[in-house]
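Breakdown of the fold
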Amino acid sequence: MVLSMDRKPEEATSGSWEAVQKLTLAEQSKASGDRNLAVAYLKQAILSDPEFALAHMRLGDILFNLNRYQEGIAHWRRANELASSGKLTRREQLRIRGLYNSELERFAEAQSCFAEYSSTFPHDDLGPFYLAYALRMQMRVAESIEQLWEAERRRPESYYTSVNRAICYLIANNRTELN
């Protein structure tokens, strides 16, 4: 079983196997389109392990997508607090901090986290992928495209880099036409 963005359950720091199982079920539910069931599983995961940062992060993310911002930001904040606790892997810390800053539209801070993620984990495609998003949101489109090529080099079978690169080219084309 894999988590979002193809992360394995064993890459999630929790002392509760039940919490990790609930996170996995939440990811499956979200992938099948049932975000409400995903929310229910994530809440169960957090009941099993209140300090499960990845579950708080995913719950915050899904709640944001459901336009439940107040509830979502509370979970994002908790995930970010836990990322500073020293109990998580460096990968989890950087991912959570970067995504939290992205959600809050603090893209320069997100860029810093993802640049470190990318250099610290040179075989992981998520570092340059997330970095590309932070750069694109700062209208640094050419740099974003470079990072998407790097993400694809690290994981050639992924489709999401192509989609995001197309978005960048559309932005670049629109900006050229406006000037």
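Shown above is the structure to which this text applies.
Thresholds, definitions, all that
- Per chain, the residues get numbers from 1 upward, laid out in the order the sequence is written.
- At least 70 in pLDDT is required for a residue's local features to be given in this predicted model, at least 80 for side-chain atom pairs to be given and counted, and no such filter applies to totals for whole chains, interfaces and linings, which use all residues.
- As a convention, hydrogens and water are excluded, and side-chain values are obtained from all of the structure's heavy atoms.
- We call a set of buried Ala, Val, Leu, Ile, Met, Phe, Trp, Tyr and Cys residues a nonpolar core when their side-chain atoms join them within 4.5 Å.
- Burial here depends on accessible area, computed with a 1.4 Å probe over protein chains only, as a share of the maximum for the residue type. Under 20% is buried, over 50% is exposed, and the range in between is partly exposed.
- Strands are runs of DSSP state E lasting at least 2 residues, helices are runs of H or I lasting at least 4, and numbering of each runs from the N terminus.
- The criterion used for residue contact is that any of the two residues' heavy atoms lie within 4.5 Å.
- Salt bridge, as used here: a side-chain nitrogen of Lys or Arg that lies within 4 Å of a carboxyl oxygen of Asp or Glu.
- The residues that make up patches have over 30% relative accessible area and no salt bridge, and they are joined within 9 Å when like-charged or within 5 Å when they are Val, Leu, Ile, Met, Phe, Trp or Tyr.
- Computed with a 1.4 Å probe, the accessible areas rest on the Shrake-Rupley method; for each residue, only the protein chains presented here act as cover.
- In this analysis, the expected span of each helix is defined as 1.5 Å times one less than the number of residues it contains.
- Ring pairs shown here join Phe, Tyr and Trp side chains whose ring centres sit within 6.5 Å, with only the six-membered ring taken for Trp; geometry is labelled stacked below 30 degrees between planes, edge-to-face above 60, and tilted in between.
- Note on criteria: charge over ring means Lys NZ or Arg CZ within 6 Å of the ring centre, with the direction from the centre no more than 35 degrees off the ring normal.
- Angles shown run from 0 to 180 degrees and are taken between the N-to-C directions of axes, each axis being a line fitted to C-alpha atoms and, for helices, limited to the stretch in contact.
- The cut-offs work like this: below 35 degrees is roughly parallel, past 145 is roughly antiparallel, 65 to 115 is roughly perpendicular, and the gaps in between are oblique.
- In this classification, the charged set is Asp, Glu, Lys and Arg, the nonpolar set is Ala, Val, Leu, Ile, Met, Phe, Trp, Tyr, Cys and Pro, and all remaining amino acids, among them Gly, are polar.

Some words on the nonpolar core
Core analysis: the largest hydrophobic core is formed by 47 residues, its most contacted members being Leu-42, Phe-52, Met-57, Trp-76 and Ile-96. In terms of residue count, the dominant contributor to this core is helix H3 (residues 53-65) (8 residues). Discounting residues that sit within four places of it in the chain, Ile-96 has contacts with Ala-53, Leu-54, Met-57, Trp-76, Ala-79, Asn-80, Ala-83 and Leu-88.

Re unusual backbone geometry
Despite not being glycine, Asn-67 shows a phi value in the positive range, around 60°. Within the secondary structure layout, Asn-67 lies in the loop between H3 and helix H4 (69-83). Its relative accessible area of 54% is what places Asn-67 among the exposed residues.

Notes on the pattern of salt bridges
The full count for this structure, using the stated rule, is 14 salt bridges. In this structure, the salt-bridge partner of Lys-87 is Glu-51, at a minimum N-O distance of 2.9 Å. Residue Lys-87 is located in the loop between H4 and helix H5 (90-103), and its partner Glu-51 is located in the loop between helix H2 (35-48) and H3; the two are separated by 36 residues in the primary sequence. Its relative accessible area of 54% is what places Lys-87 among the exposed residues. Taking the shortest distance from any N to any O, the salt bridge between Arg-155 and Asp-125 comes out at 3.7 Å. Taken together, the positions of Arg-155 in the loop between helix H8 (141-154) and helix H9 (160-178) and Asp-125 in the loop between helix H6 (107-120) and helix H7 (126-137) put the pair 30 residues apart, joining distant regions of the chain. In the salt-bridge network here, residues are joined through shared partners; they are Glu-27, Arg-58 and Asp-61.

Concerning a nonpolar patch on the surface
A cluster of nonpolar side chains, contributed by Tyr-159, Val-163 and Ile-167, occupies part of the molecular surface with about 310 Å² of accessible area. For Val-163, the location among the structural elements is in helix H9.

Regarding helix H1 (residues 17-31)
Its 15 residues place the ends of H1 21 Å apart at the C-alpha level, agreeing with the 21 Å of an ideal helix rising 1.5 Å per residue. Among the residues of H1, Ala-19, Val-20, Lys-22, Leu-23, Thr-24, Ala-26, Glu-27 and Ser-29 are the ones counted as buried. The secondary structure elements touched by the buried residues of H1 are H2 and H3. Count one or two residues on from H1 and you reach Gly-33, which has phi positive near 100°.

Concerning the packing of aromatic side chains
Per the counting criterion, the structure on display carries 8 aromatic pairs. Plain terms: the ring middles of Phe-107 and Tyr-133 are 5.9 Å apart, the flat faces sit at 75° to each other, and that makes the pair edge-to-face. One end of the pair, Phe-107, is in helix H6; the other, Tyr-133, is in helix H7, with 26 residues separating them in the sequence. Relative to Tyr-160, the ring of Tyr-159 lies with its centre 6.2 Å away and its plane at 85°, an arrangement referred to as edge-to-face. Assessed through its relative accessible area of 64%, Tyr-159 is described here as exposed. In this structure Tyr-160 comes out as buried when scored by relative accessible area, which is 10%. Cluster of aromatic residues (ring-pair linked, three or more members): Phe-114, Phe-129, Tyr-130, Tyr-159 and Tyr-160. Cation over ring: Arg-91 sits above Phe-121, and NZ or CZ is 4.1 Å from the ring centre.

With respect to the packing of H1 against H2
It is at 8 Å that the axes of H1 and H2 come closest, and there the two elements cross at 170°. Relative to H2, the element H1 lies roughly antiparallel. Contact residues: Glu-18, Ala-19, Lys-22, Leu-23, Leu-25, Ala-26, Ser-29 and Lys-30 in H1; Arg-35, Leu-37, Ala-38, Tyr-41, Leu-42, Gln-44, Ala-45 and Ser-48 in H2. Among the residues making up the contact of H1 with H2, the classes are represented as 9 nonpolar, 3 polar and 4 charged.

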